[in-house]
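Listed below are the residues making up each chain.
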Amino acid sequence: MRISRFRTIGISALQGAILPFSSLISASLGIYLFGIENWGGFVFIQLVIFPITLICNWGSRNFLIREVSRDPSKIGEAFLTNLINRAFLLPLSLVLFALLPFYTALISILIVAIQFFYLSYDGPTVFSENFSKRIVAEILGVAFFAIGLLSILEFDVNLILLIQLGVLIIKSIYLSVALRGLRLFNVKPRFKLGDTLRYGLPFFAIGFGGWLQSKSDLYMLTFMKGSDDIAAYQLLIGGLSFIQAVIGFLLEPLIKFIYRSKDLVVKKIEALVFKIGFPIVLLGVFTLSFILKWLTPDRFDVYTYLLGLLYLMPFLIFMPSIFKLYKTNEENKVVYVSFIAAGVNLLLTWLFIPVLGLNGALLGSVCSQIVLLILFKVLIGCSKSKSD
């Protein structure tokens, strides 16, 4: 493998670190400035906004990566067609008026709209390997968000939402200019909402199932615990997601090779990701423990970080398996597995939280990750047996 490929992997991993790291830094700063309970109120609004954003995104990222991997010459047409057709889903954000106070809902709807546009660049960024530009966008975002928070004299959730909106606008403008060389808008789109929804449905379902599986613990805490527990757990799970994303982005420059290569090459990719990812897991959890002891003393213990290791290890092993199933057009199997794991997470966190508190929420997620590992490995084994 050429040095340039390792360089691309490294830049991609850095992007994977920047994305969740920006959220972790923002949450840490918010808790430091305004207190854990106040910041928990802001987190609650983000939890309300996220499902709407997920629906409007409609699996565009992985759908575009697969489509453009098959025919790179159509990157502009695929991008713009997908973007315009998905825009018809944006009116769903009006439901926020029924869930939040009027002014808060109005700002949140604007956040959904701008985030819809910004996240649309995910697919083209991955395929064209313009990871450094996405890194710059995220650095700009966290810098402006931090400046905004530091300029506030007292906690005002609507003002913080306005800062978030402004940051998204800045990031979107920068990325639009930085990626202009891809000529994403110099094509004629096709207005086929039905096709966009139908072909994107498996990837949306995967994302929706993944959201349920990964966020069940946080939503369960929202209903069973106070806002201070929500904010503390957000820091913990945000740190673990940060480590997980670094590992995930190690694979991104290699995704198109998984689609195009034979099993032997894919196995080498799996071995490479594990070899690089395992030290990252150990170092990441060790570092996270020190950060959380400083920000949230007495909230977590040694068992929390042991559970954190158990939470990350299955993902390190089964992650490439997901793209093997995408390669053979078996996205539906990924959907089923995600929903099964989400059900396990919901049930176990509901049972464990009253007994073990925040560790109970994490234990439920650990169990769901183990379920994902077992089911993905079984599915890959069955798929290979059929092909043989």
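Residues numbered from 1 in each chain as written. Predicted model: local features only at pLDDT ≥ 70, side-chain atom pairs only at ≥ 80, totals over all residues. Heavy atoms only, no water.

Asker: Can you explain the packing of aromatic side chains? Please cite residues and give values.
Answerer: The final tally for this structure, using the stated rule, is 16 aromatic pairs. When the centroid spacing of 5.5 Å and the interplanar angle of 90° are considered together, the rings of F79 and F185 count as edge-to-face. Taken together, the residues F79 in helix 4 (residues 75-86) and F185 in the loop between helix 9 (157-178) and helix 10 (193-224) connect sequence positions 106 residues apart. Following the ring pairs from residue to residue traces out a cluster consisting of W58, F204, F208 and F339. Of note, R198 hangs over the ring of Y199, and the distance from its end group to the ring centre comes to 4.9 Å. Above the face of the F290 ring, K293 is positioned so that its terminal group lies 5.9 Å from the ring centre. (Phe/Tyr/Trp six-rings, centres within 6.5 Å; stacked < 30°, edge-to-face > 60°. Helix = DSSP H or I, 4+ residues; strand = E, 2+ residues; numbered from the N terminus. Lys NZ or Arg CZ within 6 Å of the ring centre and 35° of its normal.)

Asker: Provide a residue-level description of the nonpolar core, including the pertinent values.
Answerer: Core analysis: the biggest nonpolar cluster contains 102 residues, and W39, Y233 and L240 have the highest contact counts within it. Apart from the residues lying within four places of it in its own chain, the contact partners of W39 are S26, A27, G30, I31, F34, F145, L149, F155, I160 and Q234. (Core = buried A, V, L, I, M, F, W, Y, C linked by side-chain atoms within 4.5 Å. Buried < 20%, exposed > 50% of the residue type's maximum accessible area, 1.4 Å probe, protein only. Contact = heavy atoms within 4.5 Å.)

Asker: Describe the pattern of salt bridges, with residues and values.
Answerer: As enumerated under the stated definition, the model contains five salt bridges in all. One salt bridge in this structure joins D122 and R134, with 2.2 Å as the shortest N-O distance. Taken as a pair, D122 in helix 7 (residues 122-128) and R134 in helix 8 (residues 131-150) lie far apart in primary sequence, 12 residues in all. Here D122 and R134 have matching classes, each one buried. (Salt bridge = Lys/Arg side-chain N within 4 Å of Asp/Glu carboxyl O.)

Asker: Report on the side chain of S338, specifying residues and quantitative values.
Answerer: Mapped onto the elements of the fold, S338 is located in helix 15 (residues 331-356). S338 sits in the buried class, given a relative accessible area of 7%. For S338, the contacting residues outside a window of four places in its chain are I206, G209, G210, Q213 and L372.

Asker: Describe the environment of G41, and please don't skip the residues or the numbers.
Answerer: For G41, the position within the fold is in helix 2 (residues 36-57). Residues G41 and I230, spaced 189 residues apart in sequence, show a C-alpha to C-alpha distance of 8.9 Å.

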